[in-house]
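Spelled out, the chains give:
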Amino acid sequence: MNTNLSASVPSQLETDCLVVVVLDRAEKDKGDKEKPVPTVECNDAPVRDAAREAIASGEVTGKPFETTLLHRPAGLKAKRLLLVGGGKAKTFSAAELRKLAGAAVRTLKGKSIRSFAFALPDSGVAASDAVIAVVEGAFVGNFEPGYYKSDKKEKDKKIDAITIVVAGDPKSLETALQAGRAIAESQNFARDLINEPSNLMTPTILADRAKKMAAEVGLGCEVYGADKIKELKMGAFWGVAQGSDEPPALVVLRYDPPGASDKVHLGLVGKGVTFDTGGISIKPADGMEKMKYDMAGAATMIATMRAIALLQPKVKVTAIICATENMPSGKAQKPGDVQIAMSGKSIEIINTDAEGRLILADGLCYARQLGCTHLVDAATLTGAVVVALGYVNAGIFASDDQMYERFAEANKKAGEKMWRLPLDDEYKEVIKSNIADIVNSGGRWGGAISAAMFLKEFAEDTPWIHLDIAGTAWMEESKPWIAKGPSGIALRSLVEFVKGWAA
Ligand code: BES
Ligand code: MN
Ligand code: ZN
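What comes next is a walk through the structure. (Residues numbered from 1 in each chain as written. Chains lettered and ligands numbered in written order. Predicted model: local features only at pLDDT ≥ 70, side-chain atom pairs only at ≥ 80, totals over all residues. Heavy atoms only, no water.)

## Thoughts on the coordination of the manganese ion (ligand 2)
Stated precisely, the cut-off is as follows: In this description, a donor is an N, O or S atom within 2.8 Å of the metal centre, a cutoff extended to 3.2 Å for sodium, potassium and calcium. Water is not part of the atom list, which can make sites seem incomplete. Accessibility here uses a 1.4 Å probe with only protein chains present; expressed as a share of the type maximum, an area under 20% marks a residue as buried, one over 50% as exposed, and anything in between as partly exposed.
In this structure, Asp276 (OD), Asp353 (O), Asp353 (OD) and Glu355 (OE) serve as the protein donors to the manganese ion (ligand 2), at separations of 2.0 to 2.2 Å. Sequence positions of the donors to the manganese ion (ligand 2) reduce to the motif D-x76-D-x1-E. Here the manganese ion (ligand 2) and the zinc ion (ligand 3) are spaced 3.1 Å apart, linked through Asp276, which binds each one. Asp353 gets classed as partly exposed once you look at its relative accessible area, which sits at 21%.

## So, the coordination of the zinc ion (ligand 3)
Heads up, the rule is: Geometry assignment treats four donors as tetrahedral when all angles are between 85 and 135 degrees, treats four as square planar and six as octahedral when opposite donors are over 155 degrees apart and all others between 65 and 115, and treats everything else as irregular.
Surrounding the zinc ion (ligand 3) are the protein donor atoms Lys271 (NZ), Asp276 (OD), Asp294 (OD) and Glu355 (OE), which sit 2.0 to 2.4 Å from the metal. Of note is the zinc ion (ligand 3), whose six donor atoms meet at the metal with angles of 78 to 174 degrees in an arrangement that counts as octahedral. Within one chain, the residues donating to the zinc ion (ligand 3) are spaced in sequence as K-x4-D-x17-D-x60-E.

## Describing the packing of aromatic side chains
As a reminder, the rule being used: Working definition: rings of Phe, Tyr and Trp (its six-membered ring) pair if their centres are within 6.5 Å, and the pair is stacked with planes under 30 degrees apart, edge-to-face with planes over 60 apart, and tilted otherwise.
Summed over all chains, the structure comprises seven aromatic pairs. Taking the centre distance of 6.1 Å and the plane angle of 55 degrees together, the rings of Phe143 and Tyr147 count as tilted. Taking the centre distance of 6.0 Å and the plane angle of 80 degrees together, the rings of Phe497 and Trp501 count as edge-to-face. Neither Phe497 nor Trp501 differs from the other in exposure class; each is buried.

## Description of the nonpolar core
Grouped burial of nonpolar side chains is what soluble globular proteins tend to show. For the record, the criterion: By nonpolar core we mean a set of buried residues, namely Ala, Val, Leu, Ile, Met, Phe, Trp, Tyr and Cys, connected to one another through side-chain atoms within 4.5 Å. Secondary structure elements follow DSSP: runs of H or I of four or more residues count as helices, runs of E of two or more count as strands, with numbering from the N terminus. Residue contacts are defined here by distance: any two heavy atoms, one from each residue, within 4.5 Å place the two residues in contact.
Core analysis: the biggest nonpolar cluster contains 60 residues, and Leu206, Ile302, Met305, Val317, Val376 and Leu467 have the highest contact counts within it. The dominant element in this core, judged by the number of residues it contributes, is helix α9 (residues 296–311), at ten residues. In this view, Leu206 contacts Leu193, Met201, Thr274, Met295, Ala298, Ile302, Ile321 and Ala323; residues no more than four positions away in its chain are not counted.

## Quick look at the environment of Pro486
You can see Pro486 is positioned in strand β20 (residues 485–486). Taking the relative accessible area as the measure of exposure, Pro486 reaches 1% and is therefore buried. Once residues within four sequence positions are removed from consideration, Pro486 is found in contact with Phe143, Arg191, Ile194, Asn195, Ala473 and Trp474.

## Observations concerning the sheet that holds strand β9 (residues 249–255)
This is how it is decided: The pairing criterion is simple: DSSP has to find at least two bridges between the two strands. Every axis in this analysis is a line fitted to C-alpha atoms, fitted for helices over the stretch in contact. Angles between the N-to-C directions lie between 0 and 180 degrees.
As summarised here, the arrangement of the eight strands in space is β8-β9-β11-β10-β14-β18-β15-β16, forming an open sheet in which the pairing is mixed. A single partner strand is all that each edge strand has here, and the edge strands are β8 (220–224) and β16 (418–420). Along the sheet, successive strands turn relative to each other by an average axial angle of 20 degrees, direction set aside. On the sheet, helix α10 (residues 356–369) packs against β8, β9, β10 (265–276), β11 (316–326), β14 (374–379) and β18 (464–468) and is oriented at approximately 155 degrees with respect to β10. The strands touched by helix α12 (residues 401–414) are β14, β15 (394–398), β16 and β18; relative to β18, the strand with the most contacts, the crossing angle is about 45 degrees.

## A few points about the sheet that holds strand β12 (residues 338–340)
Here we have three strands laid out as an open sheet, ordered β12-β13-β17, and mixed in their pairing. Pairing within the sheet leaves two strands with one partner each, and these edge strands are β12 and β17 (438–439).

## Concerning unusual backbone geometry
Here the phi dihedral of Arg72 falls at roughly 45 degrees; this positive angle occurs in a residue that is not glycine. Along the polypeptide, Arg72 turns up in the loop between β4 (67–71) and β5 (80–88). With a relative accessible area of 64%, Arg72 lands in the exposed category. Backbone geometry places Gln312, a non-glycine residue, at a positive phi of 55 degrees.

Interpretation in functional terms is not warranted from these geometric data alone.
What follows is the structure in structure tokens.
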């Protein structure tokens, strides 16, 4: 999608469609039954005039994601005027604006419109932040998961170009635009990897895609196979990988810019299970097809590295991707088996379906060995996090409050929904083993927490954050601003988090 900035007066802009935001400026709160005061957020009088009748009719209220399309609006050079509701003016922020831009894209591409102009609302959000939000929202809204549909017409329904209408310093707005693009296209890159079915996204293919991306944006990249995994004594990772005919891959992506402090080295570790059958503790058939997205954590970390390479913050970052299938076979590990992790800890495998924590255990250990001072992992780790937080919030676990505060700030900026869950020592009880140091499954209750407690054993004393994205990496339903399918959750928070450390 092409992106342009224009300082033109909105009414004078020639475009297939001009999009403006309508906010409800009613003063009283919910309790009092006050009529909405829909207001066109554009200080160009002809635009407000063109919308006047639609608003007077009561059809336009400004409620979130309400869309009204007017043809040949009088006094405007645009062929169409799209009014998008943005909710209450009081609570309007960049997060709402991002979604509105996505909703505009999804509305217009459905009508086979290929290009449009989005007039930034004057209120609430600073111009550069607004440009970033609109670019991000537009790219996210333009993504469609129907890769393998043979109906080309359906597949080609995309927006080709967006013009953002905004006044301000052209240079700083252009910088904002490019930053928005770097983040948004990286988020879609993650979604692209996640969307692929497991026969077309094996560990080898995932590693190849990472390598290709690294070459394009100038990251260091090493891809290792089974030999290296065994040589590093990654017994937990190999225990999972041994059951599959598809070779595993250990991918290291390196970003080490000149001028970065040598005291901070961020490590991003991603769960890359390209298909999770459960192994010998096999999953039921119902819904198993969804386990192609069990590599979403890996995709997110790979794509985060892409965004970082483009944005160039001055901080050293290394990503470690553990990619494998989890398969039942004659070579597969079995319940009761004991594996020795890279750190030397022994693990009793209670359930071969708790495989994510096994591969991450060695990923985290390796990140520490590479000198990472702070660790973040992202993983579709547990069904239990979906029980706890539903499909709305991702789970955050943090071993270090200071690091958590930094992450929470980045998360807020990014406008992604996440919620912290506890890591009290008491939860460690459930991962004690009779025969080894720990078991790999703490059972049903508090399952997202016991999984995190397991990982904590391998992060050891390095400050660490774990993101359980099992409920949020895949949209179960489409929303006005995003298609059903891979969401790309966590990438924006991670990019903000990394930027926050820049010297
Ligand atoms: N990949 C799954 C978790 C998952 C569930 C991801 C639903 C996305 C949606 C993970 O490997 C798994 O199977 N976890 C088990 C752990 C249990 C055996 C302790 C689970 O959550 O049931
Ligand atoms: Mn599993
Ligand atoms: Zn899994």
